[in-house]
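Working through the structure, step by step
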Number of protein chains: 2
Amino acid sequence: MDVAALSPAVQALRRGELRVWSFVVTIFGDMARAPGQELSGAQLSALTEAAGIKPQALRTALHRLRKDGWIDSRRIGRGAFHFLTEHGRAQAEQAAARIYDFDAVAPEEWHLVVMPDRARVLPGHVPVAPGCFLGHGSAPDMTDALVLSGPDLCVPDWVRAQVMPDDLLHDYAEFERALRLVLGEPSPMSDLEATVQRLLAVHGWRRLVLRCPALPDLLYPDAWAGPGCRQLMADLLDRLGPATAPG
Amino acid sequence: MDVAALSPAVQALRRGELRVWSFVVTIFGDMARAPGQELSGAQLSALTEAAGIKPQALRTALHRLRKDGWIDSRRIGRGAFHFLTEHGRAQAEQAAARIYDFDAVAPEEWHLVVMPDRARVLPGHVPVAPGCFLGHGSAPDMTDALVLSGPDLCVPDWVRAQVMPDDLLHDYAEFERALRLVLGEPSPMSDLEATVQRLLAVHGWRRLVLRCPALPDLLYPDAWAGPGCRQLMADLLDRLGPATAPG
């Protein structure tokens, strides 16, 4: 299907470059993440074509994903079935925990860790000065670090700007606009259209959330469209329902 | 009076070099801190002589303190009266708040401040990393700083060592030994001996507390003799009573 022939909702959601291999990862993550689940070549063709992707681009993407160990395939007669490898499934599960979580994180307890070794990095924490890291939840048990835990945190703009660079802030705002446009359109008439809208929305959302750490809202800039996007994504997925494999 | 002729208690308390001008500041701070109070030259001579200080050393000290604006004097006939200047009184009041406070500080609330300018210094706080400061009590209201407040603090050894250098740690231990020795001696028989013991003890204590910041005990090394000294000082001053100006 030519891009110009796509519905306004689909066009809004696939604004910007759509990397086909990455979109196929989104499809597997949304529709065939459980062990034993698979998608036929014909199903993938129908879904990607409805999103304006050419057959050759799908073939190239599948080839690349197989080569990189994300998916595997089995042939039956003239058809083929594709499924996530163990590695691919692990990645998809990890991502899903963030992609489909539309609740804001508002911790009751924060901690600051100051380490004597200024070059050290503390995973899962926000660096706020050399050797100094901010986290939430229970504090790490480190005898060689100064650790203060407490409920009251003031976050200045320079920390927020560090957590969320301008280009990502801009991409969130663009995505929020696209979601509003889609929700302003009539509900899709066909299962295929609904599924493609869902997959493109999940894909756009996935590409945003995986570019920033999973942090409480308090650490993001006021201008960040994340909370709005979360609500609109929940509304849209609610309207569209679960993905339906074509044919 | 020759040093060798002094009582064991006074000898123990004046161990090490006794800077006469500094001891005279201690005398004024302990005996004549209030506006209008003064000490005669004869009284100062009697007190310092009983501490083993030569008359010429007292004259030099008084000259220096006058020149530096700590004290002023008025002559009456052949005698003189000395008193703290406004400047000297302000310094003495500030020091007294720490010298005569024998209560441990155990705050219920701590805060860590992280400033974007790593070269900035936050007065009244302990530097724990470049631009990062630890404090207790209510947190400063700084919009450009990350500030976390809370009750739970873990302090590692490297912070404690930084707060209390080895030589100061050693001097506290020496002073505790001297106080134990003095309290092991019989109570002084005369008012003058009691007053001199008191002044020397306050002087030794003053020289320790003014060399380290006023911090909660949790920030000092375990080996720090501060809590022991505090208790012994309170016991000794209780035994000796207030200073009495000689005849």
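Definitions and limits used
For every chain, the first residue of its written sequence is number 1, and the numbers climb from 1 along that sequence. Working convention: letters from A go to chains and numbers from 1 go to ligands, in the order in which they are written. Per-residue local features of the predicted model are confined to residues with pLDDT of at least 70, and side-chain atom pairs are confined, for both listing and counting, to 80 or more; whole-chain, interface and lining totals are unaffected and use all residues. To get the side-chain values, take all heavy atoms of the structure and skip hydrogens and water. Least squares is used to superpose the copies, and the fit set is the C-alpha atoms of residues whose pLDDT is at least 70 in both copies. Contacts are assigned to residue pairs that have any heavy atoms within 4.5 Å of one another. Here's how the labels work: a residue is buried when its accessible area is under 20% of the maximum for its type, exposed when over 50%, partly exposed in between, all with a 1.4 Å probe on protein chains only. Going along the chain from the N terminus, every DSSP run of H or I of four or more residues is numbered as a helix, and every run of E of two or more is numbered as a strand. For two strands to be treated as a pair, DSSP must find at least two bridges joining them. The span expected for a helix works out to 1.5 Å for each residue beyond the first. Salt-bridge detection follows one rule: a side-chain nitrogen of Lys or Arg within 4 Å of a carboxyl oxygen of Asp or Glu. Where a domain begins and ends is set by an automatic assignment or by a domain database. By buried area we mean the combined loss of accessible area, with a 1.4 Å probe, across both parts when two parts are placed together. For the purposes of these results, a polar contact is taken to be a pair of N or O atoms within 3.5 Å, where, inside protein, one atom must be able to donate a hydrogen and its partner to accept one; residues adjacent in sequence count only when each atom of the pair is a side-chain atom. The classification used treats Ala, Val, Leu, Ile, Met, Phe, Trp, Tyr, Cys and Pro as nonpolar, Asp, Glu, Lys and Arg as charged, and all other residues, Gly among them, as polar.

**Considerations on the relation of the copies chain B and chain A**
For these two chains of identical sequence, chain B goes onto chain A by a turn of 179° and a shift of 0.0 Å along the axis, with RMSD 0.1 Å. When the rotation and shift are considered jointly, the pair of chain copies conforms to a two-fold rotation axis. Taking C-alpha positions as the reference, the residue of chain B nearest the rotation axis is Gly150(B), at 1.8 Å. Both copies contact each other with a shared surface, as 100% of the interface residues of chain B are interface residues in chain A too.

**Observations regarding the pairing of strand E3 (residues 79-84) of chain B**
All names here are of chain B. The two faces of E3 differ: Ala80, His82 and Leu84 on one face are buried, but Gly79, Phe81 and Phe83 on the other face are not. Pairing geometry for strand E2 (residues 71-76) and E3, over six bridges, is antiparallel. The residue bridging Ile76 from the neighbouring strand is Gly79, located in E3. Taking the residues between adjacent antiparallel strands as the criterion, E2 and E3 are bridged by two residues, where Gly77 takes a positive phi near 60°.

**Things to note about helix H7 (residues 166-184) of chain A**
Residue and element names in this part refer to chain A. Relative to the 27 Å expected for 19 residues at 1.5 Å per residue, H7 spans 27 Å between its end C-alpha atoms, a close match to the ideal helical length. All buried positions along H7 are accounted for by Leu168, Leu169, Tyr172, Phe175, Glu176, Ala178, Leu179 and Val182. As for H7, its buried residues are in contact with helix H1 (8-13), helix H8 (191-209) and helix H9 (226-240).

**Section: the pattern of salt bridges**
Within the structure shown, the criterion is met by 22 salt bridges over all chains. The salt bridge partner of Glu174(B) is Arg15(B), with a shortest N-O separation of 3.6 Å. Remark: Arg15(B) occurs in the loop between helix H1 (8-13) and helix H2 (20-31) and Glu174(B) occurs in helix H7 (residues 166-184); sequence separation between them is 159 residues. The shortest N-O distance in the salt bridge between Glu38(B) and Arg74(B) comes to 2.4 Å. Of this pair, Glu38(B) sits in the loop between H2 and strand E1 (39-40) while Arg74(B) is found in strand E2, placing the two residues 36 residues apart along the sequence. In the salt-bridge network here, residues are joined through shared partners; they are Arg15(A), Glu174(A) and Arg177(A).

**Describing the domain arrangement of chain A**
Residue and element names in this part refer to chain A. The domains assigned to chain A are domain 1 (1-102 + 164-247) and domain 2 (110-150). On a C-alpha basis, the centroid separation for the pair domain 1 and domain 2 is 35 Å. Summing the contributions of domain 1 and of domain 2, the shared interface buries around 360 Å²; its carbon and sulfur component is 93%. Broken down residue by residue, the surface that domain 1 buries against domain 2 is led by Leu215, Pro216 and Leu219, which jointly contribute 79%. At the junction of domain 1 with domain 2, the criterion picks out zero salt bridges. Counting across the domain 1 and domain 2 interface gives zero residue pairs in polar contact (both at pLDDT 80 or more). When grouped by side-chain class, the residues that make up the side of domain 1 that touches domain 2 number five nonpolar, no polar and no charged.

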